[in-house]
Amino acid sequence: MARIVVLISGSGSNMQAIVEACEAGRIDGHVVAVISNKAGVRGLDIAAEAGIATEVLSHKDYPTREAYDAELQKLIDNYRPDLVVLAGFMRILTADFATHYHGRMLNIHPSLLPKYTGINTHQRALDAGDTEHGVSVHFVTEELDAGPVILQARVPVFEGDTAQDLQQRVQTQEHGIYPLVVSWFCSGRLKLTDAGVELDGELLGPAGYA
Ligand code: GAR
């Protein structure tokens with residue numbers, strides 16, 4: 001059974017969806033720790049209530065990004081994870097950190113990558129007049145939100161939508177696709193190779209599994 005460490009910064013709804021999928025046997029793995037860079041966030045309570053070890057490592061206690069990521073790496077590796085899952089972990093990662101977990105760290109990003117890397121993705125989709133928006137799960141590489149896409153989900157943008165409407169519509173999709181991708185990884189079906197992302201030995205295209 002795969003050992004999963006989840007990193008969060010906030011409400012932890014994606015982490016919760018993954019924990020529930022593990023408990024239901026839909027993922028051949030278990031979440032061994034939830035680590036947050038912010039104290040007092042709801043996701044930590046959810047994890048603790050589920051009996052999962054929780055840790056807070058505040059970035060404010062470290063002088064540089066490098067120092068923080070080095071300590072975070074140590075903390076994560078104490079749990080000997082097979083997979084590290086970024087679930088609303090709102091930090092830019094150093095190259096060393098990303099390289100250390102190459103091929104075994106996933107992220108979920110609320111846009112149809114390569115569109116709208118970074119923040120405020122829902123508002124930016126509205127401002128651009130997009131009729132379609134969505135979410136991507138990808139392997140993490142050194143460049144922000146640029147790792148190879150594994151799976152995307154699309155949602156329509158309706159006349160009069162606010163950024164909050166879009167966020168809610170996208171999050172509903174997130175809770176479906178993130179546990180699915182984690183289950184693929186934990187069952188050994190998903191791999192990052194030199195050629196790209198492979199699912200069941202088949203190379204996926206730039207938009208991932210479609
Ligand atoms: C999710 O919507 C996720 O896509 C987004 O943060 C939210 C976390 O929600 N991630 C990013 O913006 C990463 N750049 P959650 O804490 O309820 O899972």
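Residues numbered from 1 in each chain as written. Predicted model: local features only at pLDDT ≥ 70, side-chain atom pairs only at ≥ 80, totals over all residues. Heavy atoms only, no water.

## Quick look at the packing of aromatic side chains
Filter applied, for reference: By convention, a stacked pair of Phe, Tyr or Trp rings (six-membered ring in the case of Trp) has centres within 6.5 Å and planes under 30 degrees apart, an edge-to-face pair has planes over 60 apart, and any other such pair is tilted. Only DSSP runs of H or I with at least four residues qualify as helices, and only runs of E with at least two residues qualify as strands; both kinds are numbered from the N terminus onward.
As enumerated under the stated definition, the model contains four aromatic pairs in all. Between the aromatic rings of Trp184 and Tyr209, the centroid separation amounts to 5.4 Å while the plane-to-plane angle is 70 degrees, which identifies the pairing as edge-to-face. Taken together, the residues span a long stretch of sequence, with Trp184 in helix H6 (residues 163-186) and Tyr209 in the segment after strand S10 (202-203) at a distance of 25 residues.

## Considerations on the site of the ligand
Defined as follows: If even one non-hydrogen atom of a residue comes within 4 Å of a molecule or strand, that residue is called near it. Distance and chemistry together define a polar contact, namely a pair of N or O atoms within 3.5 Å, with one atom able to donate a hydrogen and the other to accept it when in protein, and with adjacent residues in sequence counting only for side-chain atoms on both sides. Here the open area of atoms and residues is found with the Shrake-Rupley method and a 1.4 Å probe, where only the protein chains shown may cover a residue.
Taken together, Ser11, Gly12, Ser13, Asn14, Gly88, Met90, Ile108, His109, Pro110, Gln171 and Glu174 make up all the residues around the ligand. Within the side chain of Ser11, one N or O atom sits 2.7 Å away from an oxygen atom of the ligand. Relative to its unbound accessible surface of 450 Å², the ligand loses 87% to contact with the protein. For the shell around the ligand, the secondary-structure elements that each account for two or more residues are helix H1 (13-23), strand S5 (105-109) and H6.

## Some remarks on the UniProt feature "binding site: N(1)-(5-phospho-beta-D-ribosyl)glycinamide" (unreviewed entry) in the protein
Quick reminder of the rule: UniProt positions are given in the numbering used here, feature names are shortened, and annotations may be inferred rather than shown by experiment. Three labels apply to residues, based on accessible area from a 1.4 Å probe with only protein chains included: buried if under 20% of the type maximum, exposed if over 50%, partly exposed otherwise in between. In this analysis, two residues are considered to be in contact whenever any of their non-hydrogen atoms come within 4.5 Å of each other.
Per the UniProt record, "binding site: N(1)-(5-phospho-beta-D-ribosyl)glycinamide" (unreviewed entry) is annotated on Gly12, Ser13 and Asn14. Assessed through its relative accessible area of 6%, Gly12 is described here as buried. With respect to the helices and strands, Ser13 occurs in helix H1. Owing to a relative accessible area of 16%, Ser13 belongs among the buried residues under this scheme. Ignoring any residue separated from it by four or fewer positions in sequence, one finds Ser13 in contact with Gln171 and His175.

## Re the packing of H1 against H6
Each pair of packed helices can be described by the angle between their axes along with the distance between the axes. Rules: Under this scheme, a helix contributes an axis fitted over its contacting stretch, all axes are lines through C-alpha atoms, and angles between N-to-C directions fall in the 0 to 180 degree range. These descriptions rest on fixed angle ranges, namely under 35 degrees for roughly parallel, over 145 for roughly antiparallel, 65 to 115 for roughly perpendicular, and the rest for oblique. Each helix crossing is assigned a hand: it is left-handed if the near helix lies turned anticlockwise from the far helix by less than a right angle, otherwise right-handed if that turn is clockwise. Think of it as three bins: nonpolar holds Ala, Val, Leu, Ile, Met, Phe, Trp, Tyr, Cys and Pro, charged holds Asp, Glu, Lys and Arg, and polar takes everything else, Gly as well.
Packing of H1 against H6 brings their axes to within 9 Å, and their N-to-C directions diverge by 45 degrees. The orientation of H1 with respect to H6, classified from their angle, is oblique. Between H1 and H6 the crossing geometry is right-handed. Taken together, the residues of H6 that come into contact with H1 (itself represented by Ser13, Asn14, Ala17, Ile18 and Ala21) are Gln171, Glu174, His175, Tyr178, Pro179 and Val182. Of the residues contributing to the contact of H1 with H6, the split by class is six nonpolar, four polar and one charged.

## Some points on the nonpolar core
Our working rule: Among the buried residues, those of types Ala, Val, Leu, Ile, Met, Phe, Trp, Tyr and Cys that are joined through side-chain atoms within 4.5 Å form a nonpolar core.
If you look at the biggest cluster of nonpolar residues, it comprises 44 residues, and the most contacted ones within it are Ile150 and Val182. Once residues lying within four places of it in the same chain are set aside, the contact partners of Ile150 are Leu106, Val137, His138, Phe139, Val181, Trp184, Leu190, Val197, Leu204, Gly208 and Tyr209.

## Remarks on the pattern of salt bridges
Filter applied, for reference: Only one rule defines a salt bridge in this text: a Lys or Arg side-chain nitrogen within 4 Å of an Asp or Glu carboxyl oxygen.
As enumerated under the stated definition, the model contains five salt bridges in all. Ionic pairing is found between Glu71 and Lys74, a salt bridge with its closest N-O pair at 3.5 Å. Taken together, the residues span about one helical turn, with Glu71 and Lys74 both in helix H3 (residues 65-78) at a distance of three residues. When its relative accessible area of 53% is taken as the criterion, Lys74 is described as exposed. Where Arg169 meets Asp161, a salt bridge forms, and the shortest distance between an N and an O atom there is 2.7 Å. Assessed through its relative accessible area of 23%, Arg169 is described here as partly exposed.

## What to know about the sheet that holds S10
In a beta sheet, neighbouring strands are held together by backbone hydrogen bonds and run either parallel or antiparallel to one another. Here is the rule we go by: The rule for pairing is simple: two strands pair if DSSP sees at least two bridges between them.
On the basis of which strands lie adjacent, the open sheet formed by three strands has the order S8-S9-S10 and antiparallel pairing. Both outer strands of the open sheet, strand S8 (190-193) and S10, are each paired with one neighbouring strand and no more. Pairing of S8 with strand S9 (residues 196-199), which is carried by four bridges, proceeds in the antiparallel orientation. Residue Lys191 lies in a different strand from S9, and its bridge partner there is Glu198.

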